Amino acid sequence: MAVFLLALGAACCLGLGFVLQQQAAQRAPRSDLLRWRLLLDLLRMPQWLLGTAFMVAGLVLSALALDRGEVSLVEPLLATNLLFAMGLARVLTRQSLGRSGWAGVLLLAVGVTAFIVAGRPQGGGTEAGALRRWLVVGIVVGLTLLLVSTARRMPLLEEATLLALAAGLLYGLQDALTRTVAQRLDTAGLAVVLRSWEPYAVLAAGVVGLLLVQSAFEAAPLRMSLPALTAAQPLTGIVCAVALLGDRLRVTPGALAWEAVGLLCIVAGVVMLGRHPAMPGSTPGAKPGTGPDTGPNAGPDTGPDTGPDGGRGAGSGPGT
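Just so you know, these numbers come straight off a predicted model, no measurement behind them.

Trainee: Give a detailed account of the environment of valine 208, specifying residues and quantitative values.
Mentor: Mapped onto the elements of the fold, valine 208 is located in helix H10 (residues 198-219). Linking valine 208 and alanine 167, residues 41 residues apart in sequence, is a C-alpha distance of 7.8 Å. Excluding residues within four positions of it along the chain, valine 208 makes contact with Trp36 and Leu170.

This is the structure:
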């Protein structure tokens, strides 16, 4: 029960933090995209700092949950952060959930329940050796670099999705390594932990992931980035937990089938919720104080005006 409460508390804080951060990041200069200067500019925005405070609280709660439970149990629960983001977005846009919104909620809840009940995730397996650890880390980092390099050649909307996927890969790896650090801290002490590479990898993954996420938030509406982030993180975390920590899932044919159904429902629910009209859809790069039109005569969000060159030209500005 403690693991469930900690993971759901983390999901709540993360969802609220993501929405507040995106509302601030969309006002950052377009030239800051994928530059460290973006984080410096965001540090001067009170709304972003509040969102970051929620995100840090979510990371602390998720670390506590990971210390007490298996990654493959905690990660699906963390995927529910989109539900809390949806709640805040509904307040911001004054739009009800509707049939598609409730369908996404149901799919996400069913997916989490089906995966946990069928898989019965548990630890106790043999941890990976040094070679396999570096191999897993190398694969995740390589895929992240591939996604980022591909994103740089895409229009802004598609770039935001790919950057969020890359951040989700890093955050999933970070979750698995966080549990490794927590277990080693409990058994060997702080001195041993500081002499290992895992805590520094956790810090590096968190900082780079933060830059990728904020760049995705700046590039496009939240519905183009948050679903990809929310789906990629738990799936990567579960794979890394099995590969690195020896977490075990039931592998009977029936269990595998229900686990697959659960994961598909999680992904489908995340995508359905993320593309719901209640998710904030402001034009990226908008000036401060110009959020989405939520009045009674508000029209549908049509996304940024990227122009004939896809919005990547040096002189292109946000659509009006």
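Trainee: Explain the confidence of the model for the protein to me, using residue names and the numbers behind them.
Mentor: A low pLDDT score tells you not to read the predicted coordinates there in detail. Across the protein, pLDDT averages 78, with 80% of residues at or above 70. Confidence drops under pLDDT 50 across residues 282-320; counting only partners more than four residues distant or on other chains, this segment forms 51 contacts.

Trainee: Describe in detail the packing of helix H7 (residues 130-151) against helix H8 (residues 156-188), supporting the description with residues and values.
Mentor: One can describe the packing of H7 onto H8 by two numbers: an axis separation of 8 Å at closest approach and a directional angle of 160°. With respect to H8, the axis of H7 lies roughly antiparallel. The hand of the H7/H8 crossing is left-handed. Between H7, through Arg133, Val137, Val140, Leu143, Thr144, Leu147, Val148, Thr150 and Ala151, and H8, the contact on the second element is made entirely by Glu159, Leu162, Leu163, Leu165, Ala166, Leu169, Leu170, Leu173, Thr180 and Arg184.

Trainee: So what's going on with H7? Which residues, and what values?
Mentor: Between its terminal C-alpha atoms H7 stretches 32 Å, which fits the 32 Å expected from 22 residues at 1.5 Å a residue. Taken together, the buried positions of H7 are occupied by Arg133, Val136, Val137, Val140, Thr144, Leu147, Val148 and Ala151. All buried residues of H7 fall inside an arc of 100° around its axis, so they share one side. In H7, those exposed residues whose orientation departs by more than 90 degrees from the buried face are Leu131, Leu135, Leu145 and Leu146. Buried positions along H7 lie against H8, H10 and helix H11 (226-245).

Trainee: Go over the pattern of salt bridges with me, naming the residues and quoting the values.
Mentor: Opposite charge on two side chains permits pairing when their charged atoms draw close. Going through the model one piece at a time under the given rule, you end up with 5 salt bridges. Put simply, aspartate 32 and arginine 37 hold a salt bridge, and the shortest N to O gap is 2.8 Å. Arginine 184 is the partner of glutamate 198 in a salt bridge, and the nearest nitrogen-oxygen pair spans 3.0 Å. With glutamate 198 in helix H10 and arginine 184 in helix H8, this residue pair connects regions lying 14 residues apart in the sequence.

Trainee: Let's hear about the packing of aromatic side chains: which residues, and what values?
Mentor: Following the criterion strictly, the structure yields 2 aromatic pairs and no others. A centroid spacing of 6.0 Å and a plane angle of 70° characterise the contact between phenylalanine 18 and phenylalanine 217, whose relative ring orientation is edge-to-face. In this pair, phenylalanine 18 sits in helix H1 (residues 2-25) while phenylalanine 217 sits in helix H10, placing the two residues 199 residues apart along the sequence. Neither residue differs from the other here; phenylalanine 18 and phenylalanine 217 are each classed as buried.

Reading the values: the criteria
- Residues numbered from 1 in each chain as written.
- Predicted model: local features only at pLDDT ≥ 70, side-chain atom pairs only at ≥ 80, totals over all residues.
- Heavy atoms only, no water.
- Helix = DSSP H or I, 4+ residues; strand = E, 2+ residues; numbered from the N terminus.
- Contact = heavy atoms within 4.5 Å.
- pLDDT = per-residue confidence, 0-100.
- Axes fitted to C-alpha atoms, helices over the stretch in contact; angles between N-to-C directions.
- Parallel < 35°, antiparallel > 145°, perpendicular 65-115°, else oblique.
- Left-handed = near helix turned anticlockwise from the far one by under 90°.
- Expected span 1.5 Å × (residues − 1).
- Buried < 20%, exposed > 50% of the residue type's maximum accessible area, 1.4 Å probe, protein only.
- Arc of directions from axis to C-beta.
- Salt bridge = Lys/Arg side-chain N within 4 Å of Asp/Glu carboxyl O.
- Phe/Tyr/Trp six-rings, centres within 6.5 Å; stacked < 30°, edge-to-face > 60°.

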